[in-house]
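# Working through the structure, step by step
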Amino acid sequence: MDIDRFQYFIRKISVKTGIDLKQYRDNYLRRRIELRMKILGIDDYLNYLKILNRDKEELEKLISTLTINVTEFMRDKTPFEFFMKFILPEIAEKKRRAKSNLLRFWSAGCAGGEEVYSILICVLETLGNGWSMSIYGTDIDENCLKSANNGVYKPEQLKNLSSKIINKYFVKEGNLYKIKKPLKKYVRFKRHDLTSEGPVSKYFDAIFCRNVMIYFNEKQKRKVVKDFHNALVDEGYLIIGKSETLPVKSKNMFLPVDLREKIYKKSLTSHFNYNLHKSKLKTLK
Ligand SMILES: C[S@@+](CC[C@H](N)C(=O)[O-])C[C@H]1O[C@@H](n2cnc3c(N)ncnc32)[C@H](O)[C@@H]1O
């Protein structure tokens, strides 16, 4: 009975929000939803549904609770150090050889924009300006995107940044820090659901998708990883969260670059297979 109510609740909320909640594990959903219900003193899914049908603010709170978005600048630090030390110089060298100054990055599941601005700071600190750069930040949660566009952060979110970097890239507003306006020209934020939509764009030099896929089931993860493969340039980089792994069935799409930092490079094997397949087809004709 409770299971039926829960499933009914999930179906209704998925339709109402346009977010496919089936992508999340049931236990996870129950925990997060019951957290909100407890706050409101409700112990029945159908009663909670009634509230959600009339209270838009509560619906937004539920979405934020389901799509947890706590993060900070340069989260875990070392993947960003690796990015600056090894990946960016290699990308820059490749671009110079190709006589291109275009740099494209994607932070998929960008929460409040911390990862997007972290990538931006890494690029400007490592390669300087003079590049034509686009950094896409996408998230399923509209509230996150609003915060990302505002670019205002609490001091504890900047704890991995030196005061020199903070002074260079932020202006202090009371107790908060606001990203400097001219930096906004490099970033674009967009609502995007990784599990139900295709890649937000293409030809990315690197994609960061950190601490997002942990909430997905295997099938969803495979779909998302395939999209990343399609959205990257040849030998483009994929950086996932430190506690995450690529789905076993998707591993041939990427070569490990540094397994401790969870950094991978797009493998062209699937292209080779495809070409092999094509040439086989030709010989068959
Ligand atoms: C824990 S935060 C990760 C933020 C940042 N990438 C990091 O590593 O700190 C997870 C983010 O994924 C977003 N998210 C969850 N499901 C998503 C989906 N299906 N499509 C896009 N973003 C999603 C959440 O809204 C949340 O902002």
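Shown above is the structure to which this text applies.
Residues numbered from 1 in each chain as written. Predicted model: local features only at pLDDT ≥ 70, side-chain atom pairs only at ≥ 80, totals over all residues. Heavy atoms only, no water.

## Digging into the overall build of the protein
A tally of regular secondary structure across the protein gives 10 helices and 10 strands. Whereas a compact globule of 285 residues would reach a radius of gyration of roughly 19 Å, the protein reaches 21 Å, a difference of no more than 12%. Seen along its three principal axes, the alpha-carbon backbone of the protein occupies a region of about 65 × 60 × 30 Å. Buried residues in the protein amount to 50% of all 285 residues. Sequence separation of 24 or more characterises 73% of the internal contacts of the protein that already satisfy a separation of 6 or more. Only carbon and sulfur atoms are counted for the fraction: they give 53% of the accessible area of the protein, which is about 15100 Å². If you average the places of the 56 positive and of the 34 negative side-chain charges in the protein, the two averages end up 5 Å apart. (Helix = DSSP H or I, 4+ residues; strand = E, 2+ residues; numbered from the N terminus. Rg over C-alpha atoms; globule rule 2.2 N^0.38 Å. Buried < 20%, exposed > 50% of the residue type's maximum accessible area, 1.4 Å probe, protein only. Contact = heavy atoms within 4.5 Å. Areas by Shrake-Rupley, 256 points an atom, 1.4 Å probe, with all protein chains shown as cover. Lys, Arg positive; Asp, Glu negative; His and termini not counted. Charge placed at Lys NZ, Arg CZ, Asp CG, Glu CD.)

## As for the sheet that holds strand 10 (residues 263-266)
By way of backbone hydrogen bonds, the strands of a sheet pair with one another, either parallel or antiparallel. The strand order across the open sheet built from 7 strands is 6-2-1-7-8-10-9, with neighbouring strands paired in mixed fashion. With one partner strand each, in any of the chains shown, strand 6 (187-191) and strand 9 (254-258) form the two edges of the open sheet. When the angles between neighbouring strand axes are averaged without regard to direction, this sheet yields 20 degrees. Lying on the sheet, helix 5 (residues 78-97) is in contact with strand 1 (102-108), strand 7 (204-209), strand 8 (232-240), strand 9 and strand 10; it crosses strand 8 at an angle near 175 degrees. (Pairing = 2+ DSSP bridges. Axes fitted to C-alpha atoms, helices over the stretch in contact; angles between N-to-C directions.)

## Concerning the site of the ligand
Around the ligand, 23 residues are found, and the nearest of them are Tyr 24, Thr 71, Arg 75, Asp 139 and Asn 211. Between Thr 71 and the ligand, the recorded distance is 2.4 Å, taken from a side-chain N or O atom to an oxygen atom. Between the ligand and the protein, one listed contact pairs a nitrogen atom with a side-chain N or O atom of Asp 193 at 2.9 Å. For the ligand, the protein covers 99% of the area, taking 600 Å² as the surface of the free molecule. With respect to the detected pockets, the ligand is housed in the largest pocket. Among the residues forming the shell around the ligand, the class breakdown is 9 nonpolar, 8 polar and 6 charged. (Near = heavy atom within 4 Å. Polar contact = N/O pair within 3.5 Å; in protein donor to acceptor, adjacent residues only side chain to side chain. 1 Å grid on protein atoms, 1.4 Å probe; cavity = no way out; pocket = protein on both sides within 12 Å on 5 of 7 lines; lining within 4 Å. Sits in = over half its atoms within 2 Å of the grid points. Nonpolar A, V, L, I, M, F, W, Y, C, P; charged D, E, K, R; others polar.)

## Some details on the nonpolar core
Counting 45 residues, the largest nonpolar core has Phe 9, Ile 33, Trp 106 and Phe 228 as its most contacted members. Broken down by secondary-structure element, the contributors of at least two residues to this core are helix 1 (2-17), helix 2 (26-40), helix 3 (45-54), helix 4 (56-66), strand 1, strand 7, helix 9 (218-231) and strand 8. Summarising the domain contributions, this core has at least three residues from each of domain 1 (2-66) and domain 2 (78-271). Beyond its immediate sequence surroundings of up to four residues, Phe 228 is in contact with Trp 106, Ala 108, Leu 194, Ile 207, Cys 209, Leu 238 and Phe 254. Formed by 44 residues, the second largest nonpolar core is a distinct cluster that contains Phe 80, Leu 88, Leu 120 and Tyr 177. (Core = buried A, V, L, I, M, F, W, Y, C linked by side-chain atoms within 4.5 Å. Domains from an automatic or database assignment.)

## Things to note about helix 9
Here helix 9 contains 14 residues, and its C-alpha end-to-end distance of 20 Å stays within 8% of the 20 Å for a straight helix at 1.5 Å per residue. Where helix 9 is concerned, the buried positions are Gln 220, Lys 221, Val 224, Val 225, Asp 227, Phe 228, His 229 and Ala 231. (Expected span 1.5 Å × (residues − 1).)

Treat this as a map of the structure, not an account of what it does.
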